[in-house]
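Working through the structure, step by step
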Amino acid sequence: MTAFNEGYYSVPRKTNINELANRFGISHQATSQRLRRGHERLVQNTLLECSTMEFPF
């Protein structure tokens, strides 16, 4: 939510991975890993579980 609220997903971006990492007090690698895991869970929980034979995305 912080990445979204800070404009990480905006085009153009309003913040970058290093600024988010500093805000969280962790490395940019750790921030990137957390965002990727969060994306994976969102895709799995919303797209894959909602997919049906009639609406396979």
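Read on for an overview of the structure. All residue numbers here refer to positions counted from 1 along the written sequence of the relevant chain. Thresholds applied to this predicted model are a pLDDT of at least 70 for local features of residues and 80 or more for the giving and counting of side-chain atom pairs; totals over whole chains, interfaces and linings are not thresholded and use all residues. As a convention, hydrogens and water are excluded, and side-chain values are obtained from all of the structure's heavy atoms.

A few words on the overall build of the protein chain. Runs of E in the DSSP output that reach at least two residues are strands. Runs of H or I that reach at least four are helices, and both are numbered from the N terminus. Helix and strand counts for the protein chain come out as three helices and zero strands. Starting at the N terminus, the α and β elements of the protein chain follow one another as α-α-α. Relative accessible area decides the class of each residue, using a 1.4 Å probe on protein chains only: under 20% of the type maximum gives buried, over 50% gives exposed, and in between gives partly exposed. Burial status across the protein chain gives 18% buried among its 57 residues.

Following the sequence through the fold, Thr-31 ends up in helix α3 (residues 28-48). Given a relative accessible area of 2%, Thr-31 falls into the buried group.

We now examine unusual backbone geometry. Cis rather than trans, the peptide bond between Val-11 and Pro-12 has omega equal to -5°. On the secondary structure map, Pro-12 appears in the loop between α1 (2-5) and α2 (17-24).

Grid spacing is 1 Å over the protein atoms alone, the probe is 1.4 Å, and a cavity is where that probe fits but cannot get out, while a pocket is an open set with protein on both sides within 12 Å along at least five of seven lines and lining residues have an atom within 4 Å of a point. Grid points are joined across faces, edges and corners, and a volume is the space filled by probe spheres set on the points. Estimates place the volume of the largest pocket at around 260 Å³. Lining the largest pocket are Met-1, Thr-2, Ala-3, Phe-4, Tyr-9, Phe-24, Thr-31, Arg-34, Leu-35, Gly-38, His-39 and Leu-42. Going through the elements one at a time, α1 and α3 are the ones with two or more residues in the lining of the largest pocket. Ranked by the residues each element gives to the lining of the largest pocket, the list is headed by α3, at six residues. When residues are grouped by polarity, Ala, Val, Leu, Ile, Met, Phe, Trp, Tyr, Cys and Pro land in nonpolar, Asp, Glu, Lys and Arg in charged, and all others, Gly among them, in polar. Here the lining of the largest pocket is composed, by residue class, of seven nonpolar, four polar and one charged.

Residues Ala-3, Tyr-8, Ile-17, Leu-20 and Leu-35 constitute the largest nonpolar core, which totals five residues. Here a residue-residue contact requires only that any non-hydrogen atoms of the pair lie within 4.5 Å. Setting aside residues no more than four positions away along its own chain, Leu-35 makes contact with Ala-3, Tyr-8, Tyr-9, Ile-17 and Leu-20. Here, nonpolar core means buried Ala, Val, Leu, Ile, Met, Phe, Trp, Tyr and Cys residues that are tied together by side-chain atoms lying within 4.5 Å of each other.

This part is about the packing of α2 against α3. Running from N to C, α2 and α3 cross one another at 100°; their axes reach a closest spacing of 8 Å. It follows that α2 is roughly perpendicular to α3 by the angle criterion. Within the contact between the two elements, α2 uses Ile-17, Asn-18, Leu-20, Ala-21 and Phe-24 and α3 uses His-28, Thr-31, Ser-32 and Leu-35. In terms of residue class, the contact of α2 with α3 is made up of five nonpolar, four polar and no charged. Axis angles are defined between N-to-C directions and span 0 to 180 degrees, where every axis is a line fitted to C-alpha atoms and, for a helix, only to the segment in contact. Note on terminology: angles under 35 degrees are roughly parallel, angles over 145 are roughly antiparallel, angles of 65 to 115 are roughly perpendicular, and the others are oblique.

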